[in-house]
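Architecture at a glance
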Amino acid sequence: MSELLMRLGWTSVQSALLVALVWGVCRLLPRLPSATRCRLWWLVAAQAVLGLFWSSPLELAVLPAPVALTAPTAPVTALPAFDAAVQAAPVIHAASAAETATMAVSWPSLLLALWAAGVLLMLVHSLRGYRASRALVRGATECTDAGLQQALQLAAEAHGLRRAPRLKLSAQIRSPQLIGPWRPVLLLPARELPAMSADDLDMALTHELIHLQRRDLWWGLLPALSQHLFFFHPLVHLAAREYALAREEACDGAVVAGHGHCRHGYGRLLVQLGVAPRPAVGVASASPNLRSLKRRLLTLQQTRSFPRVASLAITALFVVVGVAPLRLVAAPPPAPPAPTAPNVPTPPTPLPARAPRPAPAPVPAPEPMPAPEPMPAPEPPAAPAAPVAPRAPEPPKDLDDGMSFVTHGKLNIRQQPAQAFVLMGQDDNFVDASVADLKQARRDAGGDEPALWVRRGQARYLIRDPAVLSQLSRSQSDVAALGNAQAELGNRQAAIGQQLAKVSMQVTADALAAVDVAAVVNHATRQVGLDAAAEANQAARQSRAAAAGASQAAREARTAAAKAVDARQITLVAREQAELGREQARLAQQQSLASARAVREVRTAIDQALASGKAQRLRD
């Protein structure tokens, strides 16, 4: 009992120091990646749990050693009164020892009972949240959209997941949620789903699949356990909240990684999802509060990278130094000084006799006894091995199994058409098929030579006739040229959109800050009650500050002029983006006409090849 209370005390102190260190590192290194901050806050929870269950903590002898007091011994003459006091002393000592033992038993028992009651209350609260989450899953309806199911399966395969989570629709939620971790279920809001665009839905699904890929539902169990065991420690709760926030920021960064043009769209999606409570045994795309939403939006603006070696070094340093449980003990007391031998007076030398006498035979001196061998010092206990850092998730596998190609035409993601074809060239493809057909065509072709893959129902054909392929190469080249020109315009629009995205993200962050400031001002206004005299004094101070307000107004005028210049620049950039949009729309119309003409030519060539026997029937 006393050992458990001692572990709780020492672990609480070490957790407070580790939280202060992690917080300081995050403040000193604002460009530290969100994934690294997530690992550091997770290590705080690991240290708290290990410190409570590790049987032999590492002892650091840094406390001052106790001072040994020695007093000279002197003979004491026994007195009758002193003898009577000594005879009565055992009875008094026994009574005080019994009282001390009663106090020692009561206080640890009371503290341990309070701690157990707190842990039990936290456990009951978590069980209620778990039952509410399971009831939410049971009340949801199965998703019957085959296209959405197929898109989710393809996205799961692209992220390296063996199987996709179950997909359900719920009218009780406002943002996508992932409930798990044993049998993960992906819940989509039934009311907001029709209003979400395809890109927004794709980014939301990608966010939740990244949680599954990183195994966040399993890693999050340890911070939850630390919150239960240290319910009385506010810094442990702070570490758990910071871990959850850094985990969401890491997933946000993974969604927009390598796609800088979608940062604005993803930030707009986060604002659209708004604020919603987080499930007890899962994660949600929405933010739990306004502060979390503001931090996620500001994190999206960070585009500069941080050295990976430095991130790994910081994580390893915290694993070695902060996770292992430590205990401060007193240093060993200094060795007492060796006693000095007393000075013995030398006897006087006898005078020689007149008549010499024979000297007696010398008596041999006794041999000195051998000194006892010193006992070997006990070996210090071996330091426990530091816990292994969490294994990084494996990178996602490519959808095309390592092959790189450019695809033009119509690529169906949600459904599989009854008839499909894939015209494979050396540099690009022209298709009217689904993603599964495209992969199957690549497997059936087996090489980089030009070919025309055809599917009619369940039957598959492969056409390699040079005359047919050369007839279709001109239409394919026209479509590819228009597609490349449109892609170049898209890249230019993406660069301009990224500039506008930074400005809009800053405006959104300023608006959120203004909301916070307005709330604080309203709260302060309600709390302040000034009497008539105080109002008069305030009016006097305002009149004295009128002169200073004039200079402030001048500075604000200069600031407004600078903002007008910025607004003019933004207008010019937006006008250029609008012109690029019109040019891209014109190219898109030309590409649509060219694609329709090419599809007719390809289908005519397919019918002729099937009729003339130039198409090779493929067998499974």
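Located above this text is the structure these notes cover.
Residues numbered from 1 in each chain as written. Predicted model: local features only at pLDDT ≥ 70, side-chain atom pairs only at ≥ 80, totals over all residues. Heavy atoms only, no water.

Observations concerning the overall build of the protein chain
- Looking only at helices and strands, the protein chain features 15 helices and 13 strands.
- Buried residues in the protein chain amount to 33% of all 620 residues.
- Intrachain contacts of the protein chain at a sequence separation of at least 6 include 73% that bridge at least 24 residues.
- Approximately 39,200 Å² of the protein chain is accessible, and the part contributed by carbon and sulfur atoms is 62%. (Helix = DSSP H or I, 4+ residues; strand = E, 2+ residues; numbered from the N terminus. Buried < 20%, exposed > 50% of the residue type's maximum accessible area, 1.4 Å probe, protein only. Contact = heavy atoms within 4.5 Å. Areas by Shrake-Rupley, 256 points an atom, 1.4 Å probe, with all protein chains shown as cover.)

Describing the packing of helix α8 (residues 234–256) against helix α9 (residues 263–273)
- Between α8 and α9, whose axes approach to 10 Å, the crossing angle comes to 140°. When the interaxial angle is binned, α8 and α9 end up oblique. The element α8 and its partner α9 pack so that their crossing is right-handed. Residues Asp252, Val255 and Val256 of α8 form the contact with α9, whose own contacting residues are Arg263, Tyr266 and Leu270.
- Of the residues belonging to the contact of α8 with α9, the class tally is four nonpolar, no polar and two charged. (Axes fitted to C-alpha atoms, helices over the stretch in contact; angles between N-to-C directions. Parallel < 35°, antiparallel > 145°, perpendicular 65-115°, else oblique. Left-handed = near helix turned anticlockwise from the far one by under 90°. Nonpolar A, V, L, I, M, F, W, Y, C, P; charged D, E, K, R; others polar.)

Quick word on the nonpolar core
- Of all hydrophobic cores here, the largest spans 35 residues; its most connected members are Leu148, Leu167, Leu188, Leu201, Leu205, Tyr266 and Leu269.
- For this core, the secondary-structure elements that each account for two or more residues are α4 (146–158), β3 (166–170), β5 (185–189), α5 (198–214), α8, α9 and α10 (290–300).
- If you tally residues by element for this core, the top one is α5, at seven residues.
- Contacts of Leu205, omitting those with residues within four sequence positions, involve Leu148, Leu152, Leu186 and Leu188.
- Counting residues in each nonpolar core, the second largest holds 24 residues, with Ala459, Val602, Ile606 and Ala615 among its members. (Core = buried A, V, L, I, M, F, W, Y, C linked by side-chain atoms within 4.5 Å.)

Some remarks on a nonpolar patch on the surface
- Residues Trp107, Leu110, Leu111 and Leu114 make up a contiguous nonpolar surface patch of about 430 Å² in total accessible area.
- Within the fold, Leu114 resides in helix α3 (residues 80–139).
- Judged by relative accessible area, Leu114 falls into the exposed class, the value being 52%. (Patch = residues over 30% accessible without salt bridge, like charges linked within 9 Å, V, L, I, M, F, W, Y side chains within 5 Å. Salt bridge = Lys/Arg side-chain N within 4 Å of Asp/Glu carboxyl O.)

Re the environment of Thr206
- Within the element layout of this structure, Thr206 appears in helix α5.
- Accessibility expressed as a relative area gives 15% for Thr206, which makes it buried.
- The spacing of Thr206 and Asp252 is 46 residues in sequence and 9.5 Å in space, taken between C-alpha atoms.
- Every residue in contact with Thr206, bar those within four places of it in the chain, is listed here: His159 and Val255.

Considerations on the packing of aromatic side chains
- Across all of its chains, the model carries five aromatic pairs by this definition.
- Ring geometry for Trp182 versus Trp218: centroids 5.7 Å apart, planes at 75°, classification edge-to-face. One end of the pair, Trp182, is in the loop between β4 (177–179) and β5; the other, Trp218, is in helix α6 (residues 216–219), and 36 residues separate them in sequence.
- Since its relative accessible area comes to 43%, Trp218 is described here as partly exposed.
- Ring centres 5.6 Å apart and planes at 90° place the aromatic pair Phe231 and Phe232 in the edge-to-face group. (Phe/Tyr/Trp six-rings, centres within 6.5 Å; stacked < 30°, edge-to-face > 60°.)

What to know about the sheet that holds strand β2 (residues 141–142)
- In space, the five strands of this open sheet follow the order β2-β3-β5-β4-β6, with mixed pairing throughout. The sheet terminates laterally at β2 and β6 (282–284), the two strands that pair on one side only.
- Sheet topology note: the β3/β5 ladder contains five bridges and is parallel. Each bridged residue has a counterpart across the sheet, and for Leu169 the counterpart in β5 is Leu188. (Pairing = 2+ DSSP bridges.)

Topic: the pairing of strand β9 (residues 419–424)
- Burial analysis of β9 places five of its six residues in the buried class, which makes it a mostly covered element.
- Sheet analysis places β9 next to strand β11 (residues 451–456), joined by six bridges and oriented antiparallel. Along β11, the bridge assignment pairs Phe421 with Val454.
- Across four bridges, the pairing between β9 and strand β10 (residues 428–434) is antiparallel. Each bridged residue has a counterpart across the sheet, and for Met424 the counterpart in β10 is Asn429.

Some thoughts on the pattern of salt bridges
- In the structure shown here, the tally under the stated rule is 16 salt bridges.
- Residues Arg291 and Glu242 are paired through a salt bridge, measuring 3.4 Å at the closest nitrogen-oxygen approach. In this pair, Arg291 is assigned in helix α10 and Glu242 in helix α8, connecting sequence segments 49 residues apart.
- On the basis of relative accessibility, which here comes to 11%, the residue Glu242 falls in the buried class.

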